[in-house]
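# Architecture and fold: a report
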Amino acid sequence: QDAIGIVFPGLNRLDYASGEYWPEKITTVVDPEVLDFIERHLWFITLPPRAGDFNVLDQTNISIEGARALAEAADEVWEAALARDLERFGRGYKASFDAQVSMFPLMKSRTVTETINQYRDKALAWKLAGAGGGGYLALVSERPIENAIRIRIRRERPV
């Protein structure tokens, strides 16, 4: 999914068939109002590297309930982004983080918790982005976040 995010322009929803590696369906949104909405409200904070022996998959707790919670949160984020509904976007985004942490508890290290606490009053929600559940803390916020990286979504190029 990370490679698809780099290669395809716009906002992309990936739907997978059970057990498949490549999505069976990719839905792309290039509506400038939707992309502008996301760019205005999503901010990245750099996290320090994890320890060399860290394995996010240790203590994994994948369950049907956890996968369902993650899928429902993803649906809410998608629908809220299309509707440009910031409160709902934040709710779904936070629910997605909580569902991931319930299945991969080591994602939420002490450093991640401390960083969340530092921005808790400035953000509506947060989620980890990057390899192994780290790299960046992606924050949903009504206003710009000081010292954060503002995301830019690649737009479709005219043909």
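Residues numbered from 1 in each chain as written. Predicted model: local features only at pLDDT ≥ 70, side-chain atom pairs only at ≥ 80, totals over all residues. Heavy atoms only, no water.

### Digging into the pairing of strand β3 (residues 42-46)
- Pairing of β3 with strand β5 (residues 136-140) involves 5 bridges; the strand directions are antiparallel. Note that in β5 the partner of Thr46 across the bridge is Tyr136. (Pairing = 2+ DSSP bridges. Helix = DSSP H or I, 4+ residues; strand = E, 2+ residues; numbered from the N terminus.)

### Brief notes about the packing of aromatic side chains
- Counted under the stated rule, the structure contains 3 aromatic pairs.
- Ring geometry for Phe37 versus Phe89: centroids 5.6 Å apart, planes at 80°, classification edge-to-face. Of this pair, Phe37 sits in helix α2 (residues 32-41) while Phe89 sits in helix α4 (residues 86-103), and the two are 52 residues apart along the sequence.
- Overall, the relative accessible area of 3% leaves Phe37 in the buried class.
- On the basis of relative accessible area, Phe89 is assigned to the buried category, the value being 4%.
- Ring geometry for Phe44 against Tyr136: centres 5.4 Å apart, planes inclined by 35°, an arrangement best described as tilted. You can see Phe44 sitting in strand β3 and its partner Tyr136 sitting in strand β5, a full 92 residues away along the chain.
- Of the residues examined, Tyr136 reaches a relative accessible area of 31% and is grouped as partly exposed.
- Ring pairs connect the aromatic residues Phe37, Phe89 and Tyr93, which therefore count as one cluster. (Phe/Tyr/Trp six-rings, centres within 6.5 Å; stacked < 30°, edge-to-face > 60°. Buried < 20%, exposed > 50% of the residue type's maximum accessible area, 1.4 Å probe, protein only.)

### Observations regarding the pattern of salt bridges
- Summed over all chains, the structure comprises 10 salt bridges.
- In this structure, Arg84 engages Glu33 in a salt bridge whose closest nitrogen and oxygen atoms are separated by 3.0 Å. Placement of Arg84 in the loop between α3 (64-83) and α4 and of Glu33 in helix α2 is noted, with a sequence separation of 51 residues between them.
- In this structure, Glu114 engages Arg110 in a salt bridge whose closest nitrogen and oxygen atoms are separated by 3.5 Å. With Glu114 and Arg110 both in helix α5 (residues 110-119) and 4 residues apart, the pair spans about one turn of that helix.
- Note on Glu114: relative accessible area 46%, which makes it partly exposed.
- Given a relative accessible area of 66%, Arg110 falls into the exposed group.
- One continuous salt-bridge network, built from bridges that share partners, spans Glu76, Glu79, Arg88 and Arg91. (Salt bridge = Lys/Arg side-chain N within 4 Å of Asp/Glu carboxyl O.)

### Concerning the sheet that holds β3
- The 4 strands lie next to each other as β4-β5-β3-β6, forming an open sheet whose pairing is antiparallel. For this open sheet the edge positions go to β4 (125-129) and β6 (149-150), each flanked by a neighbour on one side alone.
- Of the pairings in the sheet, the one linking β3 to β6 comprises 2 bridges and is antiparallel in character. Bridge assignment links Phe44 to a residue of β6, and that residue is Ile149.
- α2 rests against β3, β5 and β6 of the sheet, and its axis sits at about 40° to β3.
- The strands that α4 touches are β3, β4 and β5; relative to β4, the one it contacts most, it runs at about 50°. (Contact = heavy atoms within 4.5 Å. Axes fitted to C-alpha atoms, helices over the stretch in contact; angles between N-to-C directions.)

### Quick notes on the side chain of His41
- Note that His41 resides in helix α2.
- What makes His41 buried here is its relative accessible area of 11%.
- A distance of 2.9 Å separates a polar atom in the side chain of His41 from the backbone oxygen of Ser141.
- Other than its neighbours up to four places away in sequence, His41 contacts Leu86, Leu139, Val140, Ser141 and Glu142. (Polar contact = N/O pair within 3.5 Å; in protein donor to acceptor, adjacent residues only side chain to side chain.)

### Concerning a nonpolar patch on the surface
- Taken together, the side chains of Ile6, Val7, Phe8, Tyr21 and Trp22 present a nonpolar region at the surface, about 640 Å² in accessible area.
- Checked against the element boundaries, Tyr21 lands in the loop between β1 (11-15) and β2 (25-29).
- For Tyr21, a relative accessible area of 75% corresponds to the exposed category. (Patch = residues over 30% accessible without salt bridge, like charges linked within 9 Å, V, L, I, M, F, W, Y side chains within 5 Å. Areas by Shrake-Rupley, 256 points an atom, 1.4 Å probe, with all protein chains shown as cover.)

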